[in-house]
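Notes for the structure review
For reference, the chains in residue letters:
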Amino acid sequence: MIVDLSVPIVTGMPVYPGDPEVDVRPALTVAGEGVNVLGLHLGSQSGTHVDAPYHIDDALPRLDDLPLERFIGPAEIVDARGLPPRAPITSALVAPHLRAGTILLIATGWAAMWGSADYLGHPWLTAEAAELIVGSGIRTVGIDALSVDPTPTEELPAHRVLCGAHAVIAENLRGLDRLVDAQKEGRPIEVSLLPLRLEGADGAPVRAVARIGAARQ
């Protein structure tokens, strides 16, 4: 089973405060030019996307410096649903799911609020939890929220810990509820977070998908 973990890219979609607004409109049409071609205006952090470490520090690796293995692999899902708005996601929540070489996805349930003002009030990953994650050998972390840090914030503590370890961060995921259920059923989950190949970039939109296998006997 393939599960789409991405939000659609459309004009006026939610963006992080201060990021470029998204505009999608026809550039060419069959009626006018004989072909349909869309014109796109968006930021590197628009929609479901990944952050490269360069996102928060000029000295850290850019998107095309990272190995492709960071974007594809088996996944472990942290069920952090039920937390109140702006609640911390603590070390105790993530600790049972830390396995080196896996992609760690944090399900907050906040994807259900996509498009509303409440989406900005998402739970966030503590710096201590981020340190525990990278200490376990994990180098890819995703969340179904606008950011792994509070929105808004000036400090970006979780970003600094994760990016400082050259980890990849995926944000604005959706559909993680289905992965939580699959994990409870003992079904293996593999995730792809392959980004657009933007040279020297701080990040890029992705078509995030998960493959859910048969339950282990």
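See the structure printed just above.
What comes next concerns the included structure. Note that the structure is predicted; figures quoted are calculated from it, not measured. (Residues numbered from 1 in each chain as written. Predicted model: local features only at pLDDT ≥ 70, side-chain atom pairs only at ≥ 80, totals over all residues. Heavy atoms only, no water.)

With respect to the sheet that holds strand S13 (residues 209–212)
Definition in use: Pairs of strands are assigned from DSSP output, requiring at least two bridges between the strands. Only DSSP runs of H or I reaching four residues or more are called helices, and only runs of E reaching two or more are called strands; each is numbered from the N terminus. Axis definition: a line fitted to C-alpha atoms, over the contacting stretch in the case of helices. Angles run 0 to 180 degrees between N-to-C directions. Any two residues whose heavy atoms approach within 4.5 Å at even a single point are treated as in contact.
Spatially, the 9 strands line up as an open sheet ordered S1-S13-S11-S5-S7-S9-S10-S4-S12, and their pairing is mixed. A single partner strand is all that each edge strand has here, and the edge strands are strand S1 (2–4) and strand S12 (203–205). Geometrically, the sheet is characterised by an average inter-axis angle of 25° between neighbouring strands, direction not taken into account. Here strand S5 (residues 72–79) runs beside strand S7 (residues 103–107); their pairing, made up of 5 bridges, is parallel. Bridge pairing links Ile77 to Leu105 in S7. Along the sheet, helix H4 (residues 157–164) contacts strand S4 (49–51), strand S9 (140–143) and strand S10 (168–171); its crossing angle with S10, the most-contacted strand, is approximately 135°. Helix-sheet contacts for helix H5 (residues 176–184) involve S1, S5, S7, strand S11 (189–192) and S13, and the interaxial angle to S5 is about 90°.

What to know about the packing of helix H3 (residues 127–135) against H4
Stated formally: Reported orientations rely on four angle classes, namely roughly parallel under 35 degrees, roughly antiparallel over 145, roughly perpendicular from 65 to 115, and oblique for the rest. Rotating anticlockwise by less than a right angle from the far helix to the near helix defines a left-handed crossing, while the corresponding clockwise rotation defines a right-handed one. Here the term charged refers only to Asp, Glu, Lys and Arg, the term nonpolar to Ala, Val, Leu, Ile, Met, Phe, Trp, Tyr, Cys and Pro, and the term polar to all other amino acids, Gly among them.
Between H3 and H4, the least distance of the axes is 8 Å, while the angle of their chain directions is 15°. Viewed along their axes, H3 and H4 adopt a mutual orientation that is roughly parallel. Of the two elements, H3 crosses H4, and the hand of that crossing is right-handed. Contact residues: Ala127, Ala130, Glu131, Ile133 and Val134 in H3; Pro157, Ala158, Val161 and Leu162 in H4. For the contact of H3 with H4, a count of residues per class yields 8 nonpolar, no polar and 1 charged.

Some remarks on the pattern of salt bridges
Put simply, the rule is: Whenever Lys or Arg places a side-chain nitrogen within 4 Å of a carboxyl oxygen from Asp or Glu, that contact is recorded as a salt bridge. The buried label goes to any residue with under 20% of its type's maximum accessible area, the exposed label to any with over 50%, and the partly exposed label to all in between, with areas taken from a 1.4 Å probe on protein chains only.
Going through the model one piece at a time under the given rule, you end up with 7 salt bridges. Ionic pairing is found between Asp79 and Arg81, a salt bridge with its closest N-O pair at 2.8 Å. The exposure class of Asp79 is partly exposed, given its relative accessible area of 29%. Residues participating in the shared-partner salt-bridge network are Asp79, Arg81, Asp177 and Lys184.

Concerning the side chain of His159
Here His159 lies in helix H4. For His159, a relative accessible area of 3% corresponds to the buried category. Among all residues touching His159, those that are not within four sequence positions of it are Asp51, His55, Ile56, Ser147, Val148, Asp149, Gly164, Ile169 and Glu171.

Here we look at the layout of surface pockets
Here the idea is plain: a probe the size of a water molecule rolls over the atoms and shows the empty space left. Basically, it comes down to this: Computed over the protein atoms alone on a 1 Å grid, cavities are sets of points where a 1.4 Å probe fits but cannot get out and pockets are open sets with protein on both sides within 12 Å along at least five of seven lines; a residue lines them when it has an atom within 4 Å of a point. Grid points are joined across faces, edges and corners, and a volume is the space filled by probe spheres set on the points.
In this structure, the largest pocket occupies an estimated 240 Å³ of space. Around the largest pocket, the lining residues are Asp4, Ser6, Val7, Pro8, Ile9, Leu40, Leu42, Thr48, Leu196, Pro205, Val206 and Arg207. In terms of residue class, the lining of the largest pocket is made up of 8 nonpolar, 2 polar and 2 charged. Roughly 190 Å³ of internal volume is contained in the second largest pocket. What lines the second largest pocket is a set of 14 residues, among which Tyr16, Gln45, His55, Leu156 and His159 lie closest to the centre. A per-class count over the lining of the second largest pocket returns 4 nonpolar, 7 polar and 3 charged.

Quick word on the packing of aromatic side chains
To be explicit about the condition: Aromatic pairing here means that ring centres of Phe, Tyr or Trp (its six-membered ring) are within 6.5 Å. Orientation follows from the plane angle: under 30 degrees is stacked, over 60 is edge-to-face, and everything else is tilted. We call a charge positioned above a ring when the Lys NZ or Arg CZ atom is no farther than 6 Å from the ring centre and deviates by at most 35 degrees from the ring normal.
All told, the structure shown has 1 aromatic pair when counted by the stated rule. Looking at Arg62, its charged tip hangs above the ring of Tyr54, at a distance of 4.0 Å from the centre.

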